[in-house]
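Here is how the chains run, residue by residue.
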Amino acid sequence: MTPLSHILALPVRAYRLVFSPWVGFNCRYQPTCSAYALEALEKHGAIKGAWLAARRIGRCHPWGGDGYDPVPDRKDNDNPS
């Protein structure tokens, strides 16, 4: 992970530590949105990883989808940010 990715991962890790036990484990997607965000930041870097995580969180609503939704693989021409 890049240094900026580590910084962007801090709120996700804080959510998992503090709020996730209170909210419960009723996620619509597999992997969970927080696991998806951490994996996206690790695979794609700060900018694209944050964008992928935001898109995923945006799809998580009562009329959204559900099921298995993995982080897309990194293309060779993607640059980690």
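Look above for the structure.
Below is a summary of the structure that appears in this document. (Residues numbered from 1 in each chain as written. Predicted model: local features only at pLDDT ≥ 70, side-chain atom pairs only at ≥ 80, totals over all residues. Heavy atoms only, no water.)

## What about the packing of helix α1 (residues 3–23) against helix α2 (residues 33–44)?
Working step 1: Close contact between α1 and α2 brings their axes to 10 Å; oriented N to C, the two are set at 165°. Looking at the two axes, α1 sits roughly antiparallel to α2. Where α1 crosses over α2, the two elements pack in a sense that is left-handed. Contact with α1, carried on its side by S5, L8, A9, V12, R13, Y15 and R16, involves S34, A35, A37, L38 and L41 of α2 and no other residues of that element.
Working step 2: Residues of the contact of α1 with α2, tallied by class, amount to 8 nonpolar, 2 polar and 2 charged. (Axes fitted to C-alpha atoms, helices over the stretch in contact; angles between N-to-C directions. Helix = DSSP H or I, 4+ residues; strand = E, 2+ residues; numbered from the N terminus. Parallel < 35°, antiparallel > 145°, perpendicular 65-115°, else oblique. Left-handed = near helix turned anticlockwise from the far one by under 90°. Contact = heavy atoms within 4.5 Å. Nonpolar A, V, L, I, M, F, W, Y, C, P; charged D, E, K, R; others polar.)

## Here we look at the side chain of S34
Working step 1: If you trace the backbone, S34 turns up in helix α2.
Working step 2: Judged by relative accessible area, S34 falls into the buried class, the value being 12%.
Working step 3: Of note is the side chain of S34, whose polar atom sits 3.3 Å from the side chain of R16.
Working step 4: When near neighbours in sequence (up to four residues on either side) are disregarded, S34 contacts V12, Y15 and R16. (Buried < 20%, exposed > 50% of the residue type's maximum accessible area, 1.4 Å probe, protein only. Polar contact = N/O pair within 3.5 Å; in protein donor to acceptor, adjacent residues only side chain to side chain.)

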